[in-house]
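# A structural walkthrough
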Amino acid sequence: MSKIIKETEIKLKEIIEKAVACAIENGELPQAEMPDFIIEIPANKANGDYSSNVAMAGARVFRKAPRMIAESIANHIDLTDTLFDRVKIAGAGFLNFFFSQKFYSEILKDIFACGENYGKSDYGQGKKILVEFVSANPTGPMHIGNARGGAIGDCLASVLDWAGYDVSREFYINDAGNQIEKFATSLEVRYLQHFDDSVEMPEDAYQGADITDHAENFIKEYGDKYVNAPSAERRKALVDYALPKNIAGLERDLGRYRIKYDNWFRESTLHNDGSVDKVINALKEKGVTYESEGALWFKASEYGNEKDIVLVRANGLPTYIVPDIAYHYNKLVTRGYDKAIDVLGADHHGYVARMKAALTALGLDASRLDIVIMQMVRLVREGETIKLSKRSGKAITLNTLIDEVPLDAARFFFNLREPNSHFDFDLELAAKQSSENPVYYVQYAHARICSIIKKAKEQGVELRTPTDEELLLLNSAEEKELIRHLSALTSEIVSSAKAYDPAKITHYVIELATLFHKFYNAQRVMVDDRGLMQARLYLCCAVKDTIRNILTMLKITAPEVM
């Protein structure tokens, strides 16, 4: 939270504790230990800016009705040299505290003192977090689900960074296993079909046009060199040719989406450095495996999973879960991250329990792994759902999406809903330049303030820092509501980080834009009173800078003209 808010909450707790001690000393309350109590921001502003349940919490130890306890405490509340000007008793005994006018001035000064860092905090205390997201199979272009996962994962990483964590972004490249075998089969068939159209493509192979393009480009370079070669040699040559191009394409397309990873981690390294075998052996040594029907099983049911799972098939090949266990062990032990966060699709619900069971069996604290489950997206145009079919090669890719809608809209829209909620992406709305489009609405607020400042300068007004007396003039309901919302940014970022929900930030900035427009429509900025004008311009600049900070955090542009 902001420095002002943090200090105010600490001070308020001290004031309440001191008042309780004074009430005990004066005999108004019996001698007893200080009860645990909370201080919170009431949902209804009529109940003050802060509220405490200290009287209800103390009912048992003080053996009095909460209302009587509240009256005794309130008699000794001293708000001298604080940012509160009064306290009221409400309901059964809540103590409600109200900000003084000075609070609003101090918040604005704090915003300008912090500058581009306003909203940041040390809440995370520098703990190392690895956020892994998208991690699409490198066997084809990224689809619309990857677009949502990219926006959520990247913005979540930014939120965690602003909340004081040491954050790294990672893409896990599945360059081993079944999907690579299927990729090889698809490429091989398309290659051979060029020379013999009787060769049939398996139904479950990748049918996309990108496979055909790779095969044809391979032929331009190597011709019929591999037609009569052994299948294993041909498949390896095709994969070695196409896979690096796909991975480079993923990096390029995600870069276009403003996502830059700190690390691209290849699954194949876990096979090559022995990590996969080490996990299998470690689980054996822990006594949590058994053999059945020629396969090696993990006793996952003893660690919270619904049933046991196969680690090594009867043919001697490990299942996909083994390198995944090795990968998460690598994150949390080998590389020493305090927390690993995976952003995964809705089809991974069962995966969570399996992975946590394996980590627990290996002796790790499974709570160090958190999974953000992301629901699917429906693309909508003119009220109709756009049908997608990856197998037929007609899926809408990340690239086709950002060809059709502005990049700012794509990133903002995907963070309008909590990750585990279904989401309809309205292509028409995303492209609209009107207040109906939430990202346009927020950007317009920023541009509008830039225009106000520009016009003020054209009228010969020299912007300056208002005096304390001038700032006290910002006392209308609209001004106070706007400043109170500005004061909540840091705590909202911390709340977003705790919940792994970047949508809290898009909601916050939409509300900020709404409150600014409300203020602007109710109160003239360019008034005859020069002190009040400077104070309102100062408020406008605080809103502009806060919107800019938020949009910068979300990697969305903050235009000065629209």
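Read on for a plain summary of the structure. (Residues numbered from 1 in each chain as written. Predicted model: local features only at pLDDT ≥ 70, side-chain atom pairs only at ≥ 80, totals over all residues. Heavy atoms only, no water.)

### What to know about unusual backbone geometry
Note: most residues except glycine have negative phi, and most peptide bonds are trans. Positioned with a positive phi, arginine 63 is a non-glycine residue whose angle comes to about 55°. In this fold, arginine 63 is placed in the loop between α3 (59–62) and α4 (66–74). Phi is positive for aspartate 81, close to 60°, though the residue is something other than glycine. If you trace the backbone, aspartate 81 turns up in the loop between α4 and β3 (84–90). The exposure class assigned to aspartate 81 is exposed, which follows from its relative accessible area of 78%. (Helix = DSSP H or I, 4+ residues; strand = E, 2+ residues; numbered from the N terminus. Buried < 20%, exposed > 50% of the residue type's maximum accessible area, 1.4 Å probe, protein only.)

### Let's talk about the pattern of salt bridges
The tally for this structure, following the rule as stated, stands at 29 salt bridges. Among the ionic pairs, glutamate 181 bridges to arginine 235, the shortest N-O distance being 3.1 Å. With glutamate 181 in helix α7 (residues 178–195) and arginine 235 in helix α9 (residues 231–256), the pair connects residues that are 54 residues apart, well separated along the chain. The partly exposed category is assigned to glutamate 181, whose relative accessible area is 45%. Between glutamate 470 and arginine 464 there is a salt bridge, with its nearest N and O atoms 2.9 Å apart. When its relative accessible area of 12% is taken as the criterion, glutamate 470 is described as buried. Linked through salt bridges whose partners overlap, the residues forming this network are Asp154, Arg169, Arg411 and Lys555. (Salt bridge = Lys/Arg side-chain N within 4 Å of Asp/Glu carboxyl O.)

### Structural notes on the packing of helix α17 (residues 438–458) against helix α21 (residues 503–522)
Direction vectors running N to C along α17 and α21 enclose 45°, while the axes themselves pass 9 Å from each other. Relative to α21, the element α17 is oriented oblique. At the point where α17 passes α21, the crossing takes the left-handed sense. Counted together, Pro438, Tyr441, Val442, Tyr444, Ala445, Arg448, Ile449 and Ile452 of α17 and Val509, Ile510, Ala513, Thr514, Phe516, His517, Tyr520 and Asn521 of α21 form the full contact between these two elements. Across the contact of α17 with α21, the residue classes break down as 12 nonpolar, three polar and one charged. (Axes fitted to C-alpha atoms, helices over the stretch in contact; angles between N-to-C directions. Parallel < 35°, antiparallel > 145°, perpendicular 65-115°, else oblique. Left-handed = near helix turned anticlockwise from the far one by under 90°. Contact = heavy atoms within 4.5 Å. Nonpolar A, V, L, I, M, F, W, Y, C, P; charged D, E, K, R; others polar.)

### Points about the packing of aromatic side chains
Per the counting criterion, the structure on display carries 32 aromatic pairs. With a centroid separation of 5.4 Å and 75° between ring planes, the pair formed by phenylalanine 218 and tyrosine 241 is classed as edge-to-face. Taken together, the residues span a long stretch of sequence, with phenylalanine 218 in helix α8 (residues 209–222) and tyrosine 241 in helix α9 at a distance of 23 residues. A ring pair is formed by phenylalanine 414 and phenylalanine 423, whose centres lie 6.2 Å apart and whose planes are at 65°; its orientation type is edge-to-face. On the basis of relative accessible area, phenylalanine 423 is assigned to the buried category, the value being 5%. An aromatic cluster is defined as three or more aromatic residues linked by ring pairs; in this entry it consists of Tyr50, Phe84, Phe97, Phe99, Phe103 and Tyr104. In this structure, arginine 86 packs its charged tip against the face of phenylalanine 98, placed 4.1 Å from the ring centre. Across the ring face of tryptophan 162, the terminal group of lysine 120 is positioned such that the distance to the ring centre comes to 5.1 Å. (Phe/Tyr/Trp six-rings, centres within 6.5 Å; stacked < 30°, edge-to-face > 60°. Lys NZ or Arg CZ within 6 Å of the ring centre and 35° of its normal.)

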